[in-house]
Amino acid sequence: MNEIRRVAVVGAGQMGAGIAEVFARAGLDTVVCERDPAALRAARARIDRSLHRAAERGRLDERQRTDAWAHLLFADDLEALADRQLVVEAVVEDESVKTGVLGSLDKILADERAVLATNTSAIPVTRLGIATGRPTHVLGLHFFNPAPVMPLVEVVSSLHTDLEVTERIAAFAAGTLGKHVIRSRDRAGFVVNALLVPYLLAAIRMAEGGHASAEDIDAGMVHGCAHPMGPLQLADLIGLDTVQAIAQSLYDEYKEPLYAPPPLLARMVEAGLLGRKSGRGFHPHPAA
């Protein structure tokens, strides 16, 4: 296949918009696809704000900002992605939703060598890949939030993924996107979340048990361990619904108690207290 130049992101939430911005800033012909018109409008606004912030902070000059914007197209129909060489699925962390999107994309992509990548945080890639007719061309490409700022990308091969596909996408992520690439076997949580989520859950259990306030738990890790952000602040940033989904995937795979979502986390998700995205989680998050 020729060098990857035509890409797309399906799902225009916080992660999807961030990944699309990464692609556009790399000079790639990028389509953002989202069926919900309101979500698509929100993605346009989010990317625009992010590009302006990057310019204001000196990470982009004005020409680079306008050039990145010129590489973006927005669509509300998957059929618009037929000519793409790489499509990243970044929809909600729900296996049935993801398999539905990947199965649809498989039928739409014209090039049989086009790659389908999932940005899942924890769902095994093998299970997602076999929902398509091209499991050899499905792999995990896991970005971190905020994608334009965070340098890491996890590349995750399933039991079916061709080695050539893995090598090509890893080289693309490192060379074209300028990301630091690490590779993981196809196990729930991959590398980062398998390490990170038990730490977040431990902090939630500490708050649940009344050991300390959310503020003091976070301050302990920031000022005592030199972490840039406390665990409950980080959980709020990730989204408590996403933390719960990752924890459940980890628990389903390993059956280890440290991965089990605490009752407090489940109650907060039920109550719609999802962190920064909802305006309140373990901490208040006034609208910007």
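Look up: the structure comes first, before these words.
Conventions we followed
- Residues numbered from 1 in each chain as written.
- Predicted model: local features only at pLDDT ≥ 70, side-chain atom pairs only at ≥ 80, totals over all residues.
- Heavy atoms only, no water.
- Salt bridge = Lys/Arg side-chain N within 4 Å of Asp/Glu carboxyl O.
- Helix = DSSP H or I, 4+ residues; strand = E, 2+ residues; numbered from the N terminus.
- Expected span 1.5 Å × (residues − 1).
- Buried < 20%, exposed > 50% of the residue type's maximum accessible area, 1.4 Å probe, protein only.
- Axes fitted to C-alpha atoms, helices over the stretch in contact; angles between N-to-C directions.
- Parallel < 35°, antiparallel > 145°, perpendicular 65-115°, else oblique.
- Contact = heavy atoms within 4.5 Å.
- Nonpolar A, V, L, I, M, F, W, Y, C, P; charged D, E, K, R; others polar.
- Phe/Tyr/Trp six-rings, centres within 6.5 Å; stacked < 30°, edge-to-face > 60°.

Q: Sorry, what's going on with the pattern of salt bridges here?
A: Using the criterion set out here, one finds 16 salt bridges in the structure. In this structure, Arg65 engages Glu62 in a salt bridge whose closest nitrogen and oxygen atoms are separated by 2.5 Å. In this pair, Arg65 and Glu62 are both assigned in helix 3 (residues 62-70), three residues apart and thus about one turn of the helix distant. Residues participating in the shared-partner salt-bridge network are Arg6, Asp29, Asp83 and Arg84.

Q: Please clarify how helix 7 (residues 192-208) should be interpreted in this entry.
A: Between its first and last C-alpha atoms helix 7 spans 24 Å; for 17 residues at 1.5 Å apiece the expected length is 24 Å, and the two agree. When we look at burial in helix 7, the residues that qualify are Asn193, Ala194, Leu196, Val197, Pro198, Leu200, Leu201, Ala203 and Ile204. Downstream of helix 7 by a residue or two, Gly210 has a phi angle that is positive, lying close to 75 degrees.

Q: Help me understand the packing of helix 8 (residues 214-225) against helix 9 (residues 231-238), please; the structure alone is not making it clear to me.
A: Where helix 8 contacts helix 9, the axes come no closer than 7 Å and their chain directions differ by 105 degrees. Regarding the angle of helix 8 to helix 9, the classification is roughly perpendicular. Only Pro231, Leu232 and Gln233 of helix 9 make contact with helix 8, whose side of the interface consists of Ala214, Ile217, Asp218, Met221 and Val222. Per-class residue counts for the contact of helix 8 with helix 9 are six nonpolar, one polar and one charged.

Q: Would you take a moment to explain the packing of aromatic side chains for this structure?
A: Remark: the centre distance and the inter-plane angle together describe each pair of aromatic rings, the angle taken between the planes. Applying the stated criterion across every chain, the model contains four aromatic pairs. Taken together, a centroid distance of 6.1 Å and an interplanar angle of 55 degrees make the contact between Phe23 and Phe172 tilted. Of this pair, Phe23 sits in helix 1 (residues 14-25) while Phe172 is found in helix 6 (residues 163-176), placing the two residues 149 residues apart along the sequence. Accessibility classification places Phe23 together with Phe172 in one group, the buried group. Centroid distance Trp69 to Phe74: 6.0 Å. Interplanar angle 45 degrees. Geometry classified as tilted. Here Trp69 falls in the partly exposed class, since its relative accessible area comes to 25%. Three or more aromatic residues link up through ring pairs in this structure, and these residues are Phe23, Phe143 and Phe172.

As far as function goes, none of this settles anything; it's purely spatial.
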